[in-house]
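# Close look at the chain arrangement
Below are the chains, spelled out letter by letter.
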Amino acid sequence: MEITDEKKTEEILSEEKQEDLFYTLLRGKTVKETIETSRGNFVVKFPKQKDLIAIDRRVALMRGGVPASNFDDNANFDLQKVAYLDVVVESGDDWFNKLKSKEGFTWGDMPDVDFINEVYIKAWSFRLKVQGEFGRNEEKTDNGTVVAENVPDSVDDGLFSDVAASVKRD
C-alpha cells in the first residue's frame, strides 16, 4: 500500500493522527496499490466519497437517462464494475496506458469480461482492505458501553413519563 500527496495542506496534526489512515486521507493523500492480474499490473487507488459519487454519475450517464429499474441486476452490476474501474484504475502496463490516454477510453471497451471481473475483484478487495483499516484504531477512541438500568418495561401515556435510566461508561 502506497500513500501519495493529492494536495499540500498546512494543517498540523499530532503524530498519532498523522499515522492514522483516516487522517492521512483527510489531509489530501491518496492510498494506492499495485495489483497483479493475468494481463499485467495495475495501480488502483482507494476511492474517497467524491470518487464514489463520480462512479455513480458515470453509471447514470451509461444508462442514458433510462431509470435503473429498467435494467436487470446483472446489467446494473456490469455498469457499476466498468464505472468503478474507470475511476479507480490509475495506470497499468504500457498497453493499458496507451489505451487509457485515448480520449473516450472506458473499461467498457475491454473485450474480455473475465478480465474485467478479475481486475474489479482485486480493486474491490483493495478497497475493503483499506476500509477495514479505519476500524483498527478503536483503542484510541472512546468506545464506552452504554448500559441502561431501571428502565420500566412500558412507558405511561405521557411522552417519556416514568422513564428512568442511567449511563455507565466502562
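As a starting point, this report considers the structure included with it. (Residues numbered from 1 in each chain as written. Predicted model: local features only at pLDDT ≥ 70, side-chain atom pairs only at ≥ 80, totals over all residues. Heavy atoms only, no water.)

### Describing the pairing of strand β3 (residues 40–45)
Here strand β2 (residues 29–37) runs beside β3; their pairing, made up of six bridges, is antiparallel. Paired with Thr34 across the two strands is Val43, which belongs to β3. Counted along the chain from β2 to the antiparallel partner β3, the turn is two residues long. Judged from the three bridges that link them, β3 and strand β4 (residues 89–92) form a sheet pairing that is antiparallel. Along β4, the bridge assignment pairs Phe42 with Gly92. (Pairing = 2+ DSSP bridges. Helix = DSSP H or I, 4+ residues; strand = E, 2+ residues; numbered from the N terminus.)

### So, the nonpolar core
Residues Phe42, Leu85, Val89, Trp107 and Val119 are the most contacted members of the largest nonpolar core, which totals 28 residues. Listing elements by their share of this core, those giving two or more residues are α2 (21–26), β2, β3, α3 (49–63), α4 (73–88) and α6 (113–133). Beyond its immediate chain neighbours, meaning those up to four positions away, Val89 contacts Phe42, Val43, Val44, Phe96, Lys100, Trp107 and Val119. (Core = buried A, V, L, I, M, F, W, Y, C linked by side-chain atoms within 4.5 Å. Buried < 20%, exposed > 50% of the residue type's maximum accessible area, 1.4 Å probe, protein only. Contact = heavy atoms within 4.5 Å.)

### Thoughts on the packing of α4 against α6
Relative orientation of the contacting elements α4 and α6 amounts to 65°, with a least axis distance of 10 Å. Taken together, the axis directions place α4 and α6 in an arrangement best described as roughly perpendicular. Crossing angle aside, the handedness with which α4 passes α6 is left-handed. Packed against α4, whose contacting residues are Phe77, Lys81, Tyr84, Leu85 and Val88, the element α6 presents Ile116, Asn117, Val119, Tyr120, Ala123, Trp124 and Arg127 at the interface. Partitioning the contact of α4 with α6 into residue classes produces nine nonpolar, one polar and two charged. (Axes fitted to C-alpha atoms, helices over the stretch in contact; angles between N-to-C directions. Parallel < 35°, antiparallel > 145°, perpendicular 65-115°, else oblique. Left-handed = near helix turned anticlockwise from the far one by under 90°. Nonpolar A, V, L, I, M, F, W, Y, C, P; charged D, E, K, R; others polar.)

### Overview of α3
In this model α3 runs 21 Å from its N-terminal to its C-terminal C-alpha over 15 residues, within 8% of the 21 Å that 1.5 Å per residue would give. Tucked into the core, α3 has its buried residues touching β3 and α4. (Expected span 1.5 Å × (residues − 1).)

### A few points about the packing of α3 against α4
One can describe the packing of α3 onto α4 by two numbers: an axis separation of 9 Å at closest approach and a directional angle of 130°. Considering the angle they form, α3 stands oblique to α4. Note that α3 runs across α4; the crossing there is right-handed. The segment α3 lies against α4, with Asp51, Ala54, Ile55, Asp56, Arg58, Val59, Met62 and Arg63 engaging Asn76, Leu79, Gln80, Val82, Ala83, Tyr84, Asp86 and Val87. In the contact of α3 with α4, the residues fall into nine nonpolar, two polar and five charged.

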